[in-house]
Every structure is written in structure tokens, then in C-alpha cells.
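# Structural overview for review
One-letter residues, chain by chain:
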Amino acid sequence: MGFNCGIVGLPNVGKSTLFNALTATAAAEAANYPFCTIEPNIGRVAVPDSRLQTIAGLAKSAKVVPTQLGFVDIAGLVRGASKGEGLGNKFLSHIREVDAIVSVVRCFEGDEVTHVEGKVDPVRDAEIIATELLLADLESLERRVDQARKRATGGDREAKDNLRVMEPVFAALSEGKPARSVEIGADDQRRFRLLQLLTAKPVLYVCNVEEESAASGNALSERMRAYAAEQGNEAVVISAKIEAEVAMLADAIERKDFLDALGLQETGLDRIIQAGYRLLELITFFTAGPKESRAWTVELGATAQQAAGTIHTDFARGFICAETIGYDDFIACGGEHGAKEAGKMRQEGRDYTVHDGDVMLFRFNV
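Heads up: these notes are all about the structure in this document. (Residues numbered from 1 in each chain as written. Predicted model: local features only at pLDDT ≥ 70, side-chain atom pairs only at ≥ 80, totals over all residues. Heavy atoms only, no water.)

## A short note on the pairing of strand β7 (residues 234-238)
Convention followed: Summary of the burial criterion: residues with accessible area below 20% of their type's maximum are buried, those above 50% are exposed, and those between are partly exposed, where the area comes from a 1.4 Å probe applied to protein chains only. We count a stretch as a helix when DSSP gives it H or I for four or more residues in a row; a strand needs E for two or more, and each element gets its number in order from the N terminus. Two strands pair if DSSP finds at least two bridges between them. We call a crossover right-handed when, viewed with both strands directed away from the observer, the connection leading from the first strand over the helix to the second proceeds clockwise.
Among the 5 residues of β7, 4 are classified as buried, and the element is accordingly described as predominantly covered. Bridge count for strand β6 (residues 203-208) against β7 is 5 bridges, and the pairing is parallel. Counterpart to N208 in the pairing with β7 is I238. Considered for its hand, the β-α-β crossover made up of β6, helix α7 (residues 219-230) and β7 is right-handed.

Written out as C-alpha cells, the structure is:
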């Protein structure tokens, strides 16, 4: 199962520099002019999780495979994108294809990098992006609401059911509120998702600061933190320049020494990846054995059968049971054998709700 976060922002805020550092490649050209990224670049990055190495050590695994999260570098948006300005509809269509939005805002001064709006103001930049996405949703939904109302008047039951979801969302958008602010009942979640609204996607703000402020942030990033909190969102402070330098260091000890010298406990990229994981409400379960220990991604609330399906469709189709050990029990008992002897391994059925950190072995027959 692949989950993708789209990196968006105005031109020249550090999106491509951040993407390059995330994927440790030069796949996205970083240049001091707008629209240097014409096609969205996609990179998958490992989700940092110290539990995996611990599990692999106890299982004496020959191979360790982390779970991954996808990041898509999307061309810079400008004011008026919803009306076709800049890359307009192409930009918006690329956002529609991702699961969550990572909104990068510039929180550093300096004339060496031009700002498309003429002045550095991260809150204004975030609001420009939010407004363009909202206007695009409003235009898209208005047409569909009108059509559904006409069909509903003629007695179309499906249209009436769709209107039950669309009308409160359209009302919220008309008031300048994102689609995600509307409370949707469990029975209507599928209809809501099918609307494919841009403002329904969760948002993470990334404050790109100068190198000197990477550890503590600055006045501009504090404004963004406050703004994000008001929106019910999270904000992460990073220096894209520092992250690009760290990405060039292959040796783990060199990386640690470099971060220590800057007063950083971990890279900003690790914080972004972890925040993206939380944003999408994802959890990790593990499989472990002599050949390999591997981390797998499922959505919060996934069943054992759904988790089995992430490994292979046959596992889900022929599901018998899931032999499950909680992470803490796996560690405390020294691995699978010790957990079995201590009675900590459980046989769970297809409807068992997977917990973050579960170590699982699936039994199946096809």
C-alpha cells in the first residue's frame, strides 16, 4: 500500500531542495526561478523506527527492510492558480492525486533568493495556497451540487444521498472553511472521499528557516506554529540547506557529529517523515525471522486480514489466523521463542484490530 505526501508551496521557498534531501537524489532540479519543477517528482523514503533494528537483532535477521512513505515534489503554486495562473490546473491535478499535503513556507529573510510575492510572510503564503485550493474545490463542487439537485428533484435516490454529503461541504467552502472541517458520518465517508476535494486532505506545515535557526526556530516560524495550531495542524521547523548537507554524508557517525554541532537531536527530515506518518493516521506492524525483519504500513484501525493483504493478496484471501506478539512483550521475552514460552503469543482472527508495534506471523491456506 503506497501513501504519498505532496510537497507544495509558492516558488522559491525550498520545496525542491527539501525533496532532494528527502530522497538523497538530484531528481528535482533546485534553481532560483519559478516553475523549475514542471512534472511532479516522486521519491519513497524509509520511515525511521528504532524498533525495527531491535526486532531484527533478536530475530537474528539477515536483512532489515523499513516501511516507506512517498513524497511528491509538485511545481510551485502562485496566486490565481485556481483560475489557471502559473501552472494552474496541472498543479491542482497533481495535488488531487496525493493523500496529504506538506505545505512548505519560507521563514528566512535574504535578498539572494527572490520571493514571488516580493516580501517574506509565511502566514500570507500559507493562506494563498489554502485559498487557491479552496476556490478550486468550490468551483468543482458547485457544478456537481447543481446537477445533483436537478436529479434529486426528479426523484433520483443516489443524487439525494450525494447531496446529503455535498451540501454541508459546499456551505463550509462558501464560508471559507476547508472540506476537512465538516464532520462526516461513518456511513458517508466513502461518498465524501469520492468527491476528491483538495481541502479534504490533511495538511502539515514545514517552516524552512536559515541555518542558524534550525534548532530553535525564529520569529517567522513561531508565527507559523501559532497559525498551524489555530487550524488544528502541525508545523515542523527545518533548514532545507542543512538537510541537503546532511543527505550528502553517507557515514552515520559523521551525520551525528554534524547534527550535534548544530544542537540537533535528529534531522528535520526524520521529523517530517514521522509527522507525515501521524498526519495520515498510519501505524506500523512487523514481521520477523532469520531471513528478514520488515516493517509494514497500515491505516489506524486496520484488521488482521487487511494487514495480511498488505504483504500479499493470497495472505488475505486464505487467511486462517495471525500469530501476534506485542512489541513490548517481544522485547521483554527476548524474541519469538521466549514470547511463546511465556504465553505472550496470541492467535488472532481476521477481525482483530492491529496495534502499532505488533509482531505478526500470518497463517493462510489458498
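## Considering α7
Using the following cut-off: The length a helix should cover is 1.5 Å for every residue beyond the first. Here a polar contact is recorded for every N or O atom pair within 3.5 Å, except that within protein the pair must consist of a potential hydrogen donor and a potential acceptor, and residues adjacent in sequence are included only if both atoms are side-chain atoms.
Here α7 is 12 residues long and its end C-alpha atoms lie 17 Å apart, about the 16 Å a rise of 1.5 Å per residue gives. The residue sitting at the N-terminus of α7 and contributing the capping side-chain oxygen is N218; that oxygen lies 3.0 Å from the backbone nitrogen of L220. Immediately downstream of α7, the backbone of G232 shows phi near 75 degrees, a positive value.

## Re the packing of aromatic side chains
Aromatic ring pairs are described here by two measures, namely the spacing of the ring centres and the angle between the planes. Rules: Centres within 6.5 Å make a pair out of two Phe, Tyr or Trp rings, where for Trp the six-membered ring is used; the pair is then stacked when the planes are under 30 degrees apart, edge-to-face when over 60, and tilted otherwise. Each ring is checked for a lysine NZ or an arginine CZ that lies within 6 Å of its centre and within 35 degrees of its normal; such an atom marks a charge sitting over the ring.
Tallying each qualifying case throughout the model produces 5 aromatic pairs. Relative to W296, the ring of F285 lies with its centre 6.4 Å away and its plane at 15 degrees, an arrangement referred to as stacked. Here W296 lies in strand β9 (residues 292-299) and F285 lies in strand β8 (residues 282-288), a separation of 11 residues in the sequence. For the pair shown, F285 and W296 are each scored as buried. Here the aromatic cluster, defined as three or more aromatic residues joined through ring pairs, consists of F285, W296, F319 and F362. Sitting over the ring of Y327, R51 keeps its end group 5.8 Å from the ring centre.

## Overview of the environment of L69
Basically, it comes down to this: Pairs of residues are marked as contacts when any of their non-hydrogen atoms sit within 4.5 Å.
When you line up the elements, L69 lands in strand β4 (residues 68-73). Overall, the relative accessible area of 0% leaves L69 in the buried class. In this structure, L69 is in contact with F3, C5, G43, R44, V45, V47, I273, G276, Y277, L280 and L282, ignoring residues within four places of it in sequence.

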